[in-house]
Amino acid sequence: MSRTPAPGTPAPDFELPGVVLDDGTAQRGTYRLSDQRGTPLVLVFYPGDNTPVCTKQLCAYTSELDAFRDLGATVWGISPQGLDSHEAFARTHGLALPLLADTDRAVSRSYGIALPGLGLRRSVFIVDADGNVHWKHVALAGLSFQTTDTLTTHLAALTTTDPR
């Protein structure tokens with residue numbers, strides 16, 4: 001397994017298909033990390049659609065999306081399931097953030113969080129406006145997740161240290 005990118009180093013670039021619900025309509029498209037330059041991005045790697053902890057995590061982040069937006073950040077969820085699974089998951093739970101399909105786990109491997117035969121480690125990476133990792137959390141067991149308050153605290157620190 002490769003190492004996770006350290007804070008202050010470039011986040012591995014990627015391009016993945018994704019889906020987001022917009023007023024009940026599924027919008028599918030291509031999501032590129034490089035297209036997010038200029039704004040902070042929260043990458044939420046989660047093991048699976050419709051699993052108990054993942055559902056709680058993504059529902060919590062969806063209910064607090066305004067807190068992320070107030071700090072100028074976007075949130076993307078990434079897991080190995082395909083777009084049909086992501087769309088059903090989003091519809092079932094009213095998820096309002098893009099869900100990206102890393103079906104071959106190439107992105108998970110590039111972030112050093114893939115677990116051979118098991119999927120991936122629940123992880124969060126905050127990427128700054130320049131495309132560098134600002135903060136990360138890689139879970140050992142993945143039975144809990146980082147709260148919105150924790151993530152927004154790290155985002156707020158990012159915006160107070162950014163001279164822009």
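Note: the structure precedes this text.
Now for a look at the structure at hand.

Here is what the cut-offs are and how they apply
Residues numbered from 1 in each chain as written. Predicted model: local features only at pLDDT ≥ 70, side-chain atom pairs only at ≥ 80, totals over all residues. Heavy atoms only, no water. Pairing = 2+ DSSP bridges. Helix = DSSP H or I, 4+ residues; strand = E, 2+ residues; numbered from the N terminus. Expected span 1.5 Å × (residues − 1). Buried < 20%, exposed > 50% of the residue type's maximum accessible area, 1.4 Å probe, protein only. Arc of directions from axis to C-beta. Axes fitted to C-alpha atoms, helices over the stretch in contact; angles between N-to-C directions. Contact = heavy atoms within 4.5 Å.

Overview of the pairing of strand S2 (residues 25-32)
1) Next: In terms of strand pairing, strand S1 (residues 15-22) meets S2 through eight bridges, oriented antiparallel. Note on S2: the bridge partner recorded for Leu21 is Ala26.

Details of helix H1 (residues 52-63)
1) Next: Relative to the 16 Å expected for 12 residues at 1.5 Å per residue, H1 spans 17 Å between its end C-alpha atoms, a close match to the ideal helical length.
2) Next: Those residues of H1 that sit buried are Cys54, Thr55, Gln57, Leu58, Tyr61 and Thr62. Take H1 and look down its axis: the buried residues cluster within an arc of 165 degrees, on one side only. Along H1, the residues that are exposed and aim more than 90 degrees away from the buried face are Pro52, Lys56 and Ser63.

A short note on the sheet that holds S1
1) Next: Strand order in the open sheet made by the seven strands is S2-S1-S5-S4-S3-S8-S9, with mixed pairing throughout. Bordering the open sheet on either side are S2 and strand S9 (133-138), each of which pairs with just one other strand. Sheet twist, expressed as the mean angle between neighbouring strand axes with direction ignored, is 25 degrees.
2) Next: H1 rests against strand S3 (41-45), strand S5 (99-101) and strand S8 (123-127) of the sheet, and its axis sits at about 160 degrees to S3.

Let's talk about the pairing of S3
1) Next: Summarising burial for S3: five of the five residues are buried, a large majority.
2) Next: What you see with S3 is no split at all: Leu41, Leu43 and Phe45 on one side and Val42 and Val44 on the other are buried throughout.

Looking at unusual backbone geometry
1) Next: A positive phi angle, near 60 degrees, is found at Asn50, a position not held by glycine.
2) Next: Checked against the element boundaries, Asn50 lands in the loop between S3 and H1.
3) Next: The exposure class of Asn50 is partly exposed, given its relative accessible area of 43%.
4) Next: The backbone of Arg105 shows a phi angle near 60 degrees, a positive value even though the residue is not glycine.
5) Next: In this structure, Arg105 sits in the loop between S5 and helix H4 (106-110).
6) Next: The class for Arg105 is partly exposed, based on a relative accessible area of 32%.

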